[in-house]
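Okay, here's what each chain looks like letter by letter:
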Amino acid sequence: LKEDALNIATERNLDLVEVAPNANPPVCRLIDYGKFRYEQTKREKESRKAQKIVSLKEVRMRPKIDDHDLMVKGKAAERFLEEGDKVKMSVVFRGRELAHTDIGKEILDRMADELSRVATVDQSPKMEGKAMTMVLAKRPEKPEHKKVKEAAVS
């Protein structure tokens with residue numbers, strides 16, 4: 001059986017390729033292996049092109065940040081989210097400011113509320129050393145539901 005398949009492959013100037021070795025009996029195909037490998041690498045290249053690499057951008061603030069400055073930081077974060085990146089919002093504390101981490105949490109919660117239409121909280125605010133951080137990700141787009149038309153029965 002194997003010899004017959006090999007003979008047919010050599011007659012047709014093709015290669016005998018085992019497709020499913022674990023099947024019972026093993027499945028083989030007669031194909032031009034060079035062409036098969038070329039098309040396979042071409043498909044892999046196309047799939048790599050379609051991938052979007054998500055990077056993490058950081059927006060740093062201080063606890064004494066003013067309202068307008070907070071708005072500017074929010075717009076920068078929104079721009080990063082629209083580009084498809086994740087945003088790490090950080091409130092950096094120095095010296096005695098560490099005693100008032102609640103102010104940092106309020107700032108991060110306020111930013112999460114302002115960006116809630118374009119972003120979801122990926123990681124809630126938590127202390128990391130002398131900084132309180134929160135990670136935001138772009139809100140997934142909802143697919144539009146198609147209305148199902150009911151057929152009228154006559």
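Predicted model, so just to flag it, every value in this text is computed and none were measured. (Residues numbered from 1 in each chain as written. Predicted model: local features only at pLDDT ≥ 70, side-chain atom pairs only at ≥ 80, totals over all residues. Heavy atoms only, no water.)

### Some details on the packing of helix H3 (residues 67–82) against helix H4 (residues 101–114)
When two helices pack together, their arrangement is given by the angle between their axes and by how far apart the axes lie. It is at 11 Å that the axes of H3 and H4 come closest, and there the two elements cross at 50°. Taken together, the axes of H3 and H4 lie oblique to each other. Along this stretch, H3 crosses H4, giving a crossing that reads as right-handed. Contact residues: H3 offers Asp-67, Leu-70, Lys-73 and Gly-74, while H4 offers Ile-107, Arg-110 and Met-111. Of the residues assigned to the contact of H3 with H4, the class counts are three nonpolar, one polar and three charged. (Axes fitted to C-alpha atoms, helices over the stretch in contact; angles between N-to-C directions. Helix = DSSP H or I, 4+ residues; strand = E, 2+ residues; numbered from the N terminus. Parallel < 35°, antiparallel > 145°, perpendicular 65-115°, else oblique. Left-handed = near helix turned anticlockwise from the far one by under 90°. Contact = heavy atoms within 4.5 Å. Nonpolar A, V, L, I, M, F, W, Y, C, P; charged D, E, K, R; others polar.)

### A few points about the packing of aromatic side chains
All told, the structure shown has one aromatic pair when counted by the stated rule. Where Tyr-33 meets Phe-36, the ring centres are 6.0 Å apart and the plane angle is 35°; that geometry is what we call tilted. Linking Tyr-33 with Phe-36, this pair stays in helix H2 (residues 33–50), spanning three residues, or about one helical turn. Take Tyr-33: its relative accessible area is 39%, and that puts it in the partly exposed class. A residue is classified by how much of its surface remains accessible, and Phe-36, at 30% relative accessible area, is partly exposed. (Phe/Tyr/Trp six-rings, centres within 6.5 Å; stacked < 30°, edge-to-face > 60°. Buried < 20%, exposed > 50% of the residue type's maximum accessible area, 1.4 Å probe, protein only.)

### Let's talk about the confidence of the model for the protein chain
On average, residues of the protein chain carry a pLDDT of 87, and 92% of them reach 70 or more. Low pLDDT, under 50, characterises residues 148–154; the stretch is placed with zero contacts to residues that sit more than four places away or in other chains. (pLDDT = per-residue confidence, 0-100.)

### Describing the nonpolar core
In a soluble, globular protein the nonpolar side chains are often hidden away together inside. One finds Met-61, Val-87, Met-89, Leu-108 and Leu-115 to be the most contacted residues of the largest nonpolar core, which totals 20 residues. With residues up to four places along the chain from it excluded, the contact list for Met-89 reads Val-59, Met-61, Ala-77, Leu-108, Met-111, Met-132, Thr-133, Met-134 and Leu-136. (Core = buried A, V, L, I, M, F, W, Y, C linked by side-chain atoms within 4.5 Å.)

### Quick look at H3
With 16 residues, H3 should reach 22 Å at 1.5 Å per residue; the first-to-last C-alpha distance of 22 Å fits that figure. Restricting attention to buried positions, one finds in H3 the residues Leu-70, Gly-74, Ala-76, Ala-77, Phe-80 and Leu-81. One face of H3 carries all of its buried residues, which in axial projection span an arc of 160°. Away from its buried face, by an angle of more than 90 degrees, H3 presents the exposed residues His-68 and Lys-75. If you follow the buried residues of H3, they end up packed against strand E3 (56–61), strand E4 (86–92), H4, strand E5 (119–128) and strand E6 (131–138). One or two residues past the end of H3 sits Gly-84, with phi positive at roughly 100°. (Expected span 1.5 Å × (residues − 1). Arc of directions from axis to C-beta.)

### A closer look at the pairing of E3
Direction of pairing for E3 relative to E4: parallel, over a ladder of six bridges. Bridge pairing in E4 links Lys-57 to Val-87. Of the crossover connections in this fold, the one passing from E3 over H3 to the parallel E4 is right-handed. (Pairing = 2+ DSSP bridges. Right-handed = clockwise from strand over helix to strand, strands pointing away.)

### Some remarks on the sheet that holds E6
Ordered by their spatial adjacency, four strands build an open sheet running E3-E4-E6-E5, and the pairing between neighbours is mixed. Unpaired on one side and paired on the other, E3 and E5 mark the two borders of the sheet. Taking each pair of neighbouring strands and ignoring which way they run, the sheet shows an average axis angle of 20°. Relative to E6, E5 runs antiparallel, the two sharing seven bridges. Bridge pairing in E6 links Gln-123 to Val-135. The strands touched by H4 are E3, E4, E5 and E6; relative to E6, the strand with the most contacts, the crossing angle is about 10°.

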